[in-house]
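Each chain is listed here by its residues.
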Amino acid sequence: GGGHDGAFEATLVELKDGRLYMLLRTAWDWFWEAYSWDKGLSWRQVGPSNIPSGSSPGCLKRLASGRIALVWTSPLAGGQPRPLAEVLSRLPPLKASEYFYIVPNPSLGGRQVSIMFSEDETKTWTRPIVIGRESIEKAGLRYVFLFAPEPGLLWIRCNGSHSGIAVSGHEADLVKK
């Protein structure tokens, strides 16, 4: 532990107006977001997003439909992230080892892998759809990957410290949920 403080392991997507949108992994229970107007040479409006995170990187992808998808790990329903106001009042954060764990942590309630979609260039998102949940057998779910091998077909993979999950589905079915 302790090696995961700060903001790092970003995922980004180009918006239709040419800006880049970036979500950054943090040890602060929430993704942070930033925008670039110059193809990534500089970043502005850097700050917390409204997306709770399980201290793992996410994966943004523009789909053939024009939607933007985000796959990520978040705390299970019983494990709520710290309120954003508390996070901001305590920067810099406590050591990441206090929030970063390998096996499910009963106080945080474990993690779940979810997907959601934006049809308005990340201004709003659909309700998250849970793809998989952490368990003792599937401990430490962390790194998510989203592939779209053909329009409308999604392959999602999440690697864990001891195992992983892989699912496939159709975008149209997931958006309807």
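The rules we used
- Residues numbered from 1 in each chain as written.
- Predicted model: local features only at pLDDT ≥ 70, side-chain atom pairs only at ≥ 80, totals over all residues.
- Heavy atoms only, no water.
- pLDDT = per-residue confidence, 0-100.
- Helix = DSSP H or I, 4+ residues; strand = E, 2+ residues; numbered from the N terminus.
- Contact = heavy atoms within 4.5 Å.
- Pairing = 2+ DSSP bridges.
- Axes fitted to C-alpha atoms, helices over the stretch in contact; angles between N-to-C directions.
- Phe/Tyr/Trp six-rings, centres within 6.5 Å; stacked < 30°, edge-to-face > 60°.
- Buried < 20%, exposed > 50% of the residue type's maximum accessible area, 1.4 Å probe, protein only.

Trainee: Explain the confidence of the model for the protein residue by residue, including any values.
Mentor: Across the protein, the average pLDDT comes to 80, with 71% of residues at or above 70. Predicted confidence in the protein is weakest over helix 1 (residues 84-89), with a mean pLDDT of 64, and strongest over strand 5 (residues 59-62), with 98. This model gives residues 93-109 a pLDDT under 50, and the stretch forms 40 contacts once residues within four places in sequence are excluded.

Trainee: A description of the sheet that holds strand 11 (residues 164-170) should follow, citing residues and the corresponding values.
Mentor: Taken in spatial order, the three strands make up an open sheet running 9-10-11, and their pairing is antiparallel. With partners counted over all chains shown, the strands left at the sheet margins are strand 9 (143-150) and strand 11, one partner each. Across the sheet, the mean angle separating the axes of adjacent strands is 15° when strand polarity is ignored. Across seven bridges, the pairing between strand 10 (residues 153-159) and strand 11 is antiparallel. Its bridge partner lying in strand 11, N159 is registered against G164.

Trainee: Outline the sheet that holds strand 7 (residues 111-118), listing residues and values.
Mentor: Taken in spatial order, the four strands make up an open sheet running 5-6-7-8, and their pairing is antiparallel. Two strands lie at the open edges of the sheet, namely strand 5 and strand 8 (129-133), each paired on one side alone. Across the sheet, the mean angle from the axis of one strand to that of its neighbour is 20°, orientation sign disregarded.

Trainee: Please give an account of the packing of aromatic side chains that cites residues and values.
Mentor: One pass over the full model with this rule turns up two aromatic pairs. With centroids separated by 6.2 Å and ring planes inclined at 45°, the aromatic side chains of Y35 and W37 adopt a geometry described as tilted. The class of Y35 is buried, set by a relative accessible area of 13%. On the basis of relative accessibility, which here comes to 41%, the residue W37 falls in the partly exposed class. In textbook terms, an aromatic cluster arises when at least three aromatic residues are bridged by ring pairs, as seen for Y21, Y35 and W37.

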